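If you want the building blocks of each chain, they are given just below.
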Amino acid sequence: MIDLRIGGHQKDLGGGFLVRRFLPDARRRSVGPFIFFDHFGPAEEQPGLNHDVRPHPHIGLATVTYLFEGAMMHRDSLGIAQLIEPGAINWMTAGRGIVHSERKPDHLRDVAFVNHGLQLWTALPLAHEEAEPSFSHTPASAIPEGVVDDAQVRVLVGRAFGLASPVPALSRTLYLDVRLRAGGRMHLPALESELALYPVDGDVTVDGDVLPQRQMAVLRPGEPASLAATGDVRLVVVGGDALDAPRHMWWNFVSSRKERILAASEDWQAMRMGRVPGDEEFIPLPPTPATPPEPRS
């Protein structure tokens, strides 16, 4: 049963690179450990069009990047360079601090192509907020998938339907990519204590209620859902255990402590958080708020 619908709002990340943001929302700050949910594209990238995301910092979170189409090049202050392609999961644990960029791959700079994907963040558990930063790439071939009723399901992160993803999440986390064929049905158990659905392409019916594409539905806790589709639908399911403590979030920083975010802001301003090798560009710190950010739980 749908408990809450979130329509999202459009954000320009710079240079006309538009995303639709669903989390955080004024009515719902998180679903399981997921505190940030951006959907970008499908957008046609043309030669000369610059939607590169320059080096920028993170603390206290893990970024989770998943593409449906296109490609991106990840580079970070650990010295890692990794091409992101459709179907793979890039999981970057920021911990005490990391700097990274996401740019157009060199081999695609002079061609037109479509970029389409999701950028999610999870809050790290309290015990891992200040962990050493790390990066994990799981290729598409390593993501388990199976058939559930009339749906093809890929378990991107976590465990479901007897399948276990190798992605190294640090708390109980679920992320599914589901394709439900036209006329098909799927029973979705209450796999986690908190769950949300997001149709990427096509409308889906949830317990008889239509959920249009590109609208998020937070499900009622502890209750299963019955999904049905009149046309082909691709949707994602996200969720997991509720946050173990409220979180403060400002810009790219997440922490259970206000003072930690202010310290990270000062560190980035002074360029003490590291550099992406070979990349001298960076995104400057926005104006620091006069009062520390409020927690998001």
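Residues numbered from 1 in each chain as written. Predicted model: local features only at pLDDT ≥ 70, side-chain atom pairs only at ≥ 80, totals over all residues. Heavy atoms only, no water.

Chemist: Can you explain the side chain of His-51? Please cite residues and give values.
Modeler: With respect to the helices and strands, His-51 occurs in the loop between β4 (34–45) and β5 (53–58). The buried category is assigned to His-51, whose relative accessible area is 14%. Looking at His-51, its side chain comes within polar contact range of the side chain of Glu-45, at 3.0 Å. (Helix = DSSP H or I, 4+ residues; strand = E, 2+ residues; numbered from the N terminus. Buried < 20%, exposed > 50% of the residue type's maximum accessible area, 1.4 Å probe, protein only. Polar contact = N/O pair within 3.5 Å; in protein donor to acceptor, adjacent residues only side chain to side chain.)

Chemist: Give me the lowdown on the side chain of Asp-25, citing residues and values where you can.
Modeler: Take Asp-25: it is sitting in the loop between β3 (18–23) and β4. On the basis of relative accessible area, Asp-25 is assigned to the buried category, the value being 14%. A polar contact is formed between the side chain of Asp-25 and the backbone nitrogen of Arg-27, at a distance of 2.9 Å.

Chemist: Which residues make up unusual backbone geometry, and what values do they have?
Modeler: Between Leu-23 and Pro-24 the backbone carries a cis peptide bond, its omega angle lying at 0°. Relative to the helices and strands, Pro-24 resides in the loop between β3 and β4. Between Gly-41 and Pro-42 the backbone carries a cis peptide bond, its omega angle lying at 0°. Tracing the sequence through the fold places Pro-42 in strand β4. Positive phi is not limited to glycine here, since Arg-214 has a value of about 65°. Note that Arg-214 resides in the loop between β21 (209–211) and β22 (216–219). Arg-214 gets classed as partly exposed once you look at its relative accessible area, which sits at 30%. The residue Trp-251 is not glycine, and still its phi comes out positive at about 55°.

Chemist: Any details on the sheet that holds β3? Residues and values, ideally.
Modeler: Pairing is antiparallel in the open sheet, where seven strands are placed in the order β2-β3-β4-β11-β6-β9-β12. Here the strands that pair on one side only, and so sit at the sheet edges, are β2 (9–12) and β12 (134–138). When strand polarity is set aside, the average angle formed by the axes of neighbouring strands in this sheet is 20°. Relative to strand β11 (residues 113–123), β4 is paired through nine bridges, and the arrangement is antiparallel. Its bridge partner being in β11, Glu-44 is matched across the sheet by Val-114. (Pairing = 2+ DSSP bridges. Axes fitted to C-alpha atoms, helices over the stretch in contact; angles between N-to-C directions.)

Chemist: An account of the environment of Lys-104 is needed here, citing residue identities and associated values.
Modeler: Counting through the fold element by element, Lys-104 comes out in the loop between β10 (98–103) and β11. Relative accessible area serves as the criterion here: at 7%, Lys-104 is assigned to the buried category. Sequence separation between Lys-104 and Glu-45 is 59 residues; the distance between their C-alpha atoms is 9.1 Å. Not counting the four nearest positions on each side in its chain, Lys-104 is found in contact with Glu-45, Gln-46, Leu-49, Asp-52, Arg-109 and Phe-113. (Contact = heavy atoms within 4.5 Å.)

Chemist: Describe the nonpolar core, listing the residues and the values that go with them.
Modeler: Counting residues in hydrophobic clusters, the biggest one holds 28 residues, and the most contacted among them are Phe-37, Ile-89 and Tyr-175. For this core, the element with the highest residue contribution is strand β6 (residues 61–69), accounting for four residues. When near neighbours in sequence (up to four residues on either side) are disregarded, Phe-37 contacts Arg-20, Arg-21, Phe-22, Leu-23, Leu-118, Gln-119, Leu-120, Tyr-198, Met-216, Val-236 and Val-238. Among the nonpolar cores identified, the runner-up in size contains 26 residues, and Val-148, Val-153, Leu-191 and Leu-211 belong to it. (Core = buried A, V, L, I, M, F, W, Y, C linked by side-chain atoms within 4.5 Å.)

This is a description of form; function is not addressed.
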